[in-house]
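# Descriptive structure summary
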Amino acid sequence: MSMRHFLPLALIGACCISATASAGGTPAEAPQKQQAKKAAKPAMDRSGKARKGKASYYSHKFAGKKMADGTPMNPNANVAASKTLPLGTKAKVTNLENGKSAHVEIRDRGPYVDGRIVDVSPKVARQLDIEEQGVAPVEVKPIELPPTQE
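So, here is what we can say about the structure in this document. Remember, it's a predicted structure, so these values are computed and weren't measured experimentally.

Along the protein chain, the regular secondary structure elements total three helices and six strands. Out of the 150 residues belonging to the protein chain, those deemed buried represent 27%. Counted over contacts in the protein chain with a minimum sequence separation of 6, partners at least 24 positions apart contribute 73%.

On to the sheet that holds strand β1 (residues 51–57). In spatial order, the strands read β1-β5-β2-β4-β3-β6; together these six strands close into a barrel with mixed pairing. Neighbour-to-neighbour, the strand axes of the sheet open up by a mean angle of 45°, direction not taken into account. Relative to strand β6 (residues 135–144), β1 runs antiparallel, the two being bridged by six bridges. Within β6, the position partnered with Lys54 by the bridge is Pro137.

Here the focus is the pattern of salt bridges. With the rule as written, the count across this model stands at five salt bridges. Measuring nitrogen to oxygen at the nearest pair gives 3.8 Å for the salt bridge that ties Arg107 to Asp69. Remark: Asp69 occurs in the loop between β1 and β2 (79–81) and Arg107 occurs in strand β4 (residues 101–108); sequence separation between them is 38 residues. Taking the relative accessible area as the measure of exposure, Arg107 reaches 25% and is therefore partly exposed. A salt bridge links Arg107 to Glu105, with the nearest nitrogen and oxygen atoms 3.6 Å apart. By relative accessible area, which is 21% here, Glu105 ends up partly exposed. Here the residues in one salt-bridge network are Asp69, Glu105 and Arg107, joined through shared partners.

Counting 17 residues, the largest nonpolar core has Val104, Val118, Val120, Ile130 and Val140 as the members making the most contacts within it. Setting aside anything within four residues of it in sequence, one finds Ile130 in contact with Ala55, Tyr57, Asn95, Val120, Ala125, Val135 and Ala136. Formed by six residues, the second largest nonpolar core is a distinct cluster that contains Tyr58, Met67, Met73 and Val79.

Scanning all chains against the criterion turns up one aromatic pair. Their ring planes at 70° and their centres at 6.1 Å tell us that Tyr58 and Phe62 sit as a pair that is edge-to-face. The exposure class assigned to Phe62 is partly exposed, which follows from its relative accessible area of 37%.

As for its position among the elements, Ala68 is in the loop between β1 and β2. For Ala68, a relative accessible area of 42% gives the class partly exposed. Put simply, Ala68 and Ile106 are 38 residues apart on the chain and 9.5 Å apart in space, counted from C-alpha to C-alpha. The residues contacting Ala68, other than those within four sequence positions of it, are Leu87, Arg107, Asp108 and Arg109.

Criteria and thresholds
- Residues numbered from 1 in each chain as written.
- Predicted model: local features only at pLDDT ≥ 70, side-chain atom pairs only at ≥ 80, totals over all residues.
- Heavy atoms only, no water.
- Helix = DSSP H or I, 4+ residues; strand = E, 2+ residues; numbered from the N terminus.
- Buried < 20%, exposed > 50% of the residue type's maximum accessible area, 1.4 Å probe, protein only.
- Contact = heavy atoms within 4.5 Å.
- Pairing = 2+ DSSP bridges.
- Axes fitted to C-alpha atoms, helices over the stretch in contact; angles between N-to-C directions.
- Salt bridge = Lys/Arg side-chain N within 4 Å of Asp/Glu carboxyl O.
- Core = buried A, V, L, I, M, F, W, Y, C linked by side-chain atoms within 4.5 Å.
- Phe/Tyr/Trp six-rings, centres within 6.5 Å; stacked < 30°, edge-to-face > 60°.

Here it is in structure tokens:
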């Protein structure tokens, strides 16, 4: 085989290897990974139970960006994001390191980092005194759940 014929085959082979690697393995594994991601989607929690985990807060770069409920993120509002609490839920967030708490309304989805259960606005981060460290252990206690939508 001449070099002229080898080069196109080498490029095709490299592309196939690259596509397989970027898909996370063999093509047969890709659907399994997609199913795992779908299965990992948490269900809405209407139990009213308090949950413990870590809180982080929105960067100022998200100011004005549309949240899941359609409203713009206001860094000076008592708003938060949760993966499991229904939008419109009112909750009390308590910093477990210092006992400081704030009331929030869940208006967005997230956080999308393992171990974190809530993202709060910068205003709430100040109230909880977590601005310096960025992440803190918290308890999120639902106070008022929105009515179910049929």
